[in-house]
Amino acid sequence: MQKTILDLVIEKKAAADKAIEFIESGMIVGLGTGSTVKFFIESLAEKIRDGLIIKTVSTSNATGALSKSLGIEVVELNAVEKIDVTIDGADEVDSQLNGIKGGGGALLYEKIVSSASQKNIWIIDSSKFVKQLGNFPLPVEVVPFGSNHTFTKLVQLGYSPKFRMEDNKNFISDGGHNIIDLKLNKIVYPLKINNELQLIPGVVETGLFLNICDIVIIGRGKECDVIESERLKTD
Ligand code: 5RP
């Protein structure tokens, strides 16, 4: 049976609550962006009120503002040497734990924070765990300078690009960039696509997050599946 939006919200909350189990006092915690992470931040704030002591690094202005409003300490990424664990959402995740992120427009900061993190945990509802990536449009962050030309390059390479819009203007990320979404339908060779996109002048980052996620927590009803990456198992 098709899950309703409410079912998926319940699953997001279940995954977010499960992720709390991975947080210990003394940790520096990276905070992702989006509606699933919002549940995690709310649960984290409760734990902090109960005595948990942590510092956080935010992946977006929205996450930073929400965290501070709930009494969570937020520090700059440059103020810490490393992040112990980052909890983030995702738009699609496959069984290799590769994913597409950036639906919320925070992909660049999310990727920088993930690469400074010793462990990356993603929290998703069950609809986002897919056999093959690509149904969700792949976000590509580009500098506004010459972005029409970057767009044309994408067309020439055979992609179907679309500028992300907000209030009838090009969407602007926290880093001051635009986002172009690519409708791919299926991504057979994610690394090849990622490399091709990264080579286009003007492209800052792609929403392909490959070999980054260590653990995915998938909400299923009120329960969760916790899947570890093969990489983590062989470490
Ligand atoms: C933001 C992201 C989000 O993690 C992703 O879009 C999932 O969001 P949500 O939890 O709201 O479904 O990558 O850039």
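Residues numbered from 1 in each chain as written. Predicted model: local features only at pLDDT ≥ 70, side-chain atom pairs only at ≥ 80, totals over all residues. Heavy atoms only, no water.

Undergrad: Got a minute to help me understand the pairing of strand β14 (residues 215-220) in this structure?
TA: Two faces make up the sheet, and in a regular strand the side chains alternate between them. Of all six residues in β14, five are buried, a share of seventy percent or more. In this sheet, strand β15 (residues 223-228) lies alongside β14 in antiparallel orientation, the contact comprising six bridges. Looking at the pairing, Ile218 lines up with Asp225 of β15. (Buried < 20%, exposed > 50% of the residue type's maximum accessible area, 1.4 Å probe, protein only. Helix = DSSP H or I, 4+ residues; strand = E, 2+ residues; numbered from the N terminus. Pairing = 2+ DSSP bridges.)

Undergrad: Please explain the site of the ligand as it appears in this structure.
TA: In the neighbourhood of the ligand, 18 residues make up the surrounding shell, with Ser35, Thr36, Asp91, Gly102 and Lys128 lying closest. Within the side chain of Thr36, an N or O atom sits 2.5 Å from an oxygen atom of the ligand. In this structure, an oxygen atom belonging to the ligand sits 2.6 Å away from a side-chain N or O atom of Asp91. Coverage of the ligand by the protein amounts to 92% of the 370 Å² it exposes when considered alone. Broken down by secondary-structure element, the contributors of at least two residues to the shell around the ligand are α2 (35-49) and α4 (107-115). Among the residues making up the shell around the ligand, the classes are represented as three nonpolar, nine polar and six charged. (Near = heavy atom within 4 Å. Polar contact = N/O pair within 3.5 Å; in protein donor to acceptor, adjacent residues only side chain to side chain. Areas by Shrake-Rupley, 256 points an atom, 1.4 Å probe, with all protein chains shown as cover. Nonpolar A, V, L, I, M, F, W, Y, C, P; charged D, E, K, R; others polar.)

Undergrad: Would you mind going over the pattern of salt bridges with me for this structure?
TA: Between side chains of opposite charge, a pair can form when the charged atoms approach closely. Applying the stated criterion to the full structure yields 10 salt bridges. Between Glu110 and Lys101 there is a salt bridge, with its nearest N and O atoms 3.0 Å apart. Each member of the pair, Glu110 together with Lys101, is buried. Ionic pairing is found between Asp225 and Arg220, a salt bridge with its closest N-O pair at 2.6 Å. A relative accessible area of 32% places Asp225 in the partly exposed class. (Salt bridge = Lys/Arg side-chain N within 4 Å of Asp/Glu carboxyl O.)

Undergrad: So what exactly am I meant to see when it comes to the sheet that holds strand β13 (residues 208-209) here?
TA: Backbone-to-backbone hydrogen bonds join strands into a sheet, with any given pair of strands oriented parallel or antiparallel. The strand order across the open sheet formed by three strands is β4-β5-β13, and the pairing between neighbours is antiparallel. Looking at strand neighbours, the two that pair on one side only are β4 (92-93) and β13, the edges of this open sheet. Pairing geometry for β4 and strand β5 (residues 99-100), over two bridges, is antiparallel. Pairing of Glu92 across the sheet is with Ile100, part of β5.

Keep in mind that these numbers describe shape and distance, not what the molecule does.
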